Protein chains: 2
Amino acid sequence: MRLKLRNIFLVYFVVSSAGLLYALLQLGQQCDCTRQTKPPHDVHRWENTRPRGGENLPVIYVVTPTHARPHQRAELTRLSQTLLLVPDLHWILVEDSAARTTLVADLLAQSKLPYTHLNTLTPPAMKLKDSDPNWLKPRGVEQRNEALRWLRENRSPTDHGVVYFADDDNTYSVKIFEEMRNTQKVSVWPVGLVGGLRYEGPLVTGGKVVGFHTAWKTHRPFPIDMAGFAVSLALLLNHPKAQFDPNAERGFLESSLLGPLVAVGELEPKADNCTKVCTYTQYNN
Amino acid sequence: MRLKLRNIFLVYFVVSSAGLLYALLQLGQQCDCTRQTKPPHDVHRWENTRPRGGENLPVIYVVTPTHARPHQRAELTRLSQTLLLVPDLHWILVEDSAARTTLVADLLAQSKLPYTHLNTLTPPAMKLKDSDPNWLKPRGVEQRNEALRWLRENRSPTDHGVVYFADDDNTYSVKIFEEMRNTQKVSVWPVGLVGGLRYEGPLVTGGKVVGFHTAWKTHRPFPIDMAGFAVSLALLLNHPKAQFDPNAERGFLESSLLGPLVAVGELEPKADNCTKVCTYTQYNN
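Along each chain, numbering runs from 1 in the same order as the chain's sequence is written. In the order they appear in the text, chains get letters beginning with A and ligands get numbers beginning with 1. Under the rules for a predicted model, residues below a pLDDT of 70 receive no local features and side-chain atom pairs below 80 are neither given nor counted, while totals for whole chains, interfaces and linings still include all residues. Side-chain numbers come from the whole structure's heavy atoms, not from hydrogens or water.

Identification of chain A as Galactosylgalactosylxylosylprotein 3-beta-glucuronosyltransferase from Engystomops pustulosus is taken from an unreviewed UniProt entry. UniProt positions are given in the numbering used here, feature names are shortened, and annotations may be inferred rather than shown by experiment. One UniProt comment on chain A, placed under Pathway (unreviewed entry), says "Protein modification; protein glycosylation." Reading the Cofactor (unreviewed entry) entry of the UniProt record for chain A gives the comment "Mn(2+)".

Here it is, written out as structure tokens:
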């Protein structure tokens, strides 16, 4: 009996010493954070695993129309690196093309972002010619609407999310993404370097939008830039016909989407009651 | 004797079981990575705690001249967000001004980057007038040299580091920073959208730079863009007179620094033997 007990203890002693030693070594190590921060990839060619937003943070769906031109890769690289700093984000990149291109597919695959890669061609009559000034026809309309179509087919109102239309040639401070994340209907904020002004944006009194600081086509129902608002996913899904109007007069694109969705008084002001500028439109022509 | 042994074993059994249980619980936990990724801040007004590079990774010192203009904040926001993705980096931002401005100081304080904030005025005779084309006089020369002066006063050749001159209006893929980190003397790579070409850069055969793909002033000793090379800190400190020549002919600024430091054959080609483009010069005028 004695012999058995002693053996049991001896074996236990050896095993537990080994275990304790291992544990002591582990507790001194630094965390390997890379495994946790790398998003999972699936092999589906045009999509990367996306967070659903459910019980976690609402997902920010960033919709970016893009088209081929010499500095396209530079612009998309820059934007993707900004988006990498924002958690729970899903990038929907829509090419103005007959087919998804390798340039964009490769960039997305290397971006480490959750993404969806779509494409749709702008009808020839609506397409800017090389010699046209870039304001002559609206750009990216069909592409943004294609993203809305994808969201309606692949998401439901119980997927908590916010949709932001971020063109590939603007500048976004990461702060604006956290500002927009808890949008209930439509949130708004100022945008820098728009319409000949240092900034354009809503005027806020008592926490409510009461007007707009703008110098161009002031009669627009929503005189705000594409970069200056975000819409809750649920609101878009509950209004299945809401989309951008490709025939809208210049400057009225944003109003064509927002008009049916929300009243000015319901807009949710962000960025310190719209006193801080966190996004800037492109200033290169 | 027997009793003593049994007691010893009993005590050991209890203690080790507790230890093993604790270790098992710990190994099941997720890492708390946030503590490791937030850089420490000190209260020194113009500087943020900087990593020294010593036994860790070499530090990348990014030198950026900047000057006041409407889109300055947008450009610096965009660049700072790219730099945030690069570990062991120290940003040296040098204003072309008589004093450090609040705009830049605030941006740096909020950037979460290790930084040094400097300023030096370009002499009036060397300064671009608003009506001058932006290529008429070189920009940022005194500011880059001021950064070199700071490095020589505050670092020693035993501080492992690399110096990269990154202007605030270019685009940088984060990949290029890892490429440059182990620079021994001077490393080089192609740059997109330069000098009328889709890219400009070194030609490499057998792992050595044998020429340059360029279309403009091909007789330059180093026909490469400011964004297309990095210099080891030790090399700069061991050549205390090496700096940019403010009187250099247009396009010869890079050569004025590199000429005394390195021969073409000693250049270290990066980015897959200079076949990949990871940086792009500004294409907005």
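**Thoughts on the overall build of chain A**
The number of helices and strands found in chain A is nine helices and twelve strands. Summary of the burial criterion: residues with accessible area below 20% of their type's maximum are buried, those above 50% are exposed, and those between are partly exposed, where the area comes from a 1.4 Å probe applied to protein chains only. Expressed as a percentage of the 285 residues in chain A, the buried residues total 50%. In chain A, the share of contacts with a sequence separation of at least 24, taken over all contacts with a separation of at least 6, comes to 74%. Areas reported here follow the Shrake-Rupley algorithm with a probe of radius 1.4 Å; residue values treat only the protein chains shown as occluding. For chain A, the exposed surface amounts to about 14,000 Å²; the carbon and sulfur share of it is 57%. The way it works is that DSSP assigns letters per residue, a run of H or I at least four long becomes a helix, a run of E at least two long becomes a strand, and they are numbered from the N terminus. Between two residues, a contact is recorded if the distance between any of their heavy atoms is within 4.5 Å.

**Examining helix H4 (residues 102-110) of chain A**
An α-helical turn contains 3.6 residues, so any two residues separated by three or four positions project in the same direction. Residue and element names in this part refer to chain A. Of the positions making up H4, those classed as buried are Val104, Leu107 and Leu108. Relative to the axis of H4, the buried residues are bounded by an arc of 95° and lie together on one face. Of the surrounding elements, those touching the buried residues of H4 are helix H3 (72-83), strand E2 (89-95) and strand E3 (115-119). Downstream of H4 by one or two residues, lysine 112 has phi in the positive range, about 65°. By definition, the arc is the one covered by directions from the helix axis to the C-beta atoms.

**Regarding the packing of helix H3 (residues 72-83) of chain B against helix H4 (residues 102-110) of chain B**
Residues and elements named next belong to chain B. Note on geometry: axes are lines fitted to C-alpha atoms, helical ones only across the stretch in contact, with angles between N-to-C directions running from 0 to 180 degrees. Where H3 meets H4, the closest approach of the two axes is 11 Å, and the angle between their N-to-C directions is 20°. In terms of orientation, H3 lies roughly parallel with respect to H4. Judged by the twist between their axes, the crossing of H3 over H4 is right-handed. Where H3 approaches H4, its residues Gln72, Arg73, Leu76 and Thr77 are matched on the opposing element by Leu103, Val104 and Leu107. Asp, Glu, Lys and Arg are counted as charged, while Ala, Val, Leu, Ile, Met, Phe, Trp, Tyr, Cys and Pro are counted as nonpolar; the rest, among them Gly, fall into the polar class. When its residues are assigned to classes, the contact of H3 with H4 shows four nonpolar, two polar and one charged. By the definition adopted for this analysis, an angle is roughly parallel if under 35 degrees, roughly antiparallel if over 145, roughly perpendicular if from 65 to 115, and oblique otherwise. Take the far helix as the reference: if the near one is turned anticlockwise from it by less than a right angle, the crossing is left-handed, and if turned clockwise, right-handed.

**Observations regarding the UniProt feature "binding site: Mn(2+)" (unreviewed entry) in chain A**
In the numbering used here, UniProt assigns the feature "binding site: Mn(2+)" (unreviewed entry) to Asp169 of chain A. With respect to the helices and strands, aspartate 169 of chain A occurs in the loop between strand E4 (161-165) and strand E5 (171-172).

**Some words on the sheet that holds E3 of chain A**
Residue and element names in this part refer to chain A. Two strands qualify as a pair provided DSSP detects at least 2 bridges between them. The sheet built from seven strands is open, its strands ordered E3-E2-E1-E4-E10-E6-E11 with mixed pairing. Two strands close off the open sheet at either side, each with one partner strand: E3 and strand E11 (268-269). One ladder, built from three bridges, connects strand E6 (residues 186-188) with strand E10 (residues 229-232); its direction is antiparallel. Bridged to valine 186 within E10 is valine 231. Where H3 meets the sheet, it contacts strand E1 (59-66) and E2, and its direction lies at approximately 165° from that of E2.

**A few points about the UniProt feature "active site" (unreviewed entry) in chain A**
Residue and element names in this part refer to chain A. Mapped onto this structure's residue numbering, the UniProt feature "active site" (unreviewed entry) falls at Glu254. For glutamate 254, the position within the fold is in helix H8 (residues 253-258). Using a relative accessible area of 9% as the deciding quantity, one classes glutamate 254 as buried. What glutamate 254 contacts, discounting residues up to four positions off in sequence, is Phe222, Ile224, Asp225, Met226, Phe229 and Phe244. Only 3.1 Å separates the side chain of glutamate 254 from the backbone nitrogen of methionine 226, close enough to count as a polar contact. Whenever two N or O atoms come within 3.5 Å, that pair is a polar contact, provided that in protein one can donate a hydrogen and the other can accept it, and provided that, for residues adjacent in sequence, both atoms are side-chain atoms.

**Comments concerning unusual backbone geometry**
Residues apart from glycine generally show negative phi values, whereas peptide bonds are mostly found in trans. One non-glycine residue, cysteine 274 of chain A, lies in positive phi territory at about 60°. With respect to the helices, strands and loops of the structure, cysteine 274 of chain A is situated in helix H9 (residues 271-274). Despite not being glycine, lysine 112 of chain B has its phi angle at roughly 65°, a positive value. Within the element layout of this structure, lysine 112 of chain B appears in the loop between H4 and strand E3 (115-119).

**What to know about the sheet that holds strand E6 (residues 186-188) of chain B**
Residues and elements named next belong to chain B. Reading across from one edge, E3-E2-E1-E4-E10-E6-E11 is the order of the seven strands in this open sheet, with mixed pairing throughout. In this open sheet, the two edge strands, each paired with only one partner strand, are E3 and strand E11 (268-269). The pairing of strand E4 (residues 161-165) with strand E10 (residues 229-232) spans three bridges and is classified as antiparallel. Looking across to E10, one finds that valine 163 is bridged to valine 231. Strand contacts of H3: strand E1 (59-66) and strand E2 (89-95), with the helix running at about 165° to E2, the strand carrying the most contacts.

**Some thoughts on the nonpolar core**
Counting 37 residues, the largest nonpolar core has Ile92, Phe165, Val186, Phe229, Val231 and Leu257 of chain A as the members making the most contacts within it. Here isoleucine 92 of chain A is in contact with Tyr61, Val62, Val63, Thr64, Thr116, Leu118, Ala147, Trp150 and Leu151 of chain A, once residues within four sequence places are set aside. We define the nonpolar core as a collection of buried residues of types Ala, Val, Leu, Ile, Met, Phe, Trp, Tyr and Cys that are connected through side-chain atoms lying within 4.5 Å of one another. Ranked by size, the runner-up nonpolar core spans 36 residues in total, among them Leu151, Phe165, Val209 and Leu257 of chain B.

**Considerations on the environment of glycine 161 of chain B**
Residue and element names in this part refer to chain B. Within the secondary structure layout, glycine 161 lies in strand E4. Glycine 161 sits 26 residues away from serine 187 along the chain, and the two C-alpha atoms are 13 Å apart. Excluding its chain neighbours within four sequence positions, the residues that come into contact with glycine 161 are Pro58, Val59, Tyr61, Ser232 and Leu233.

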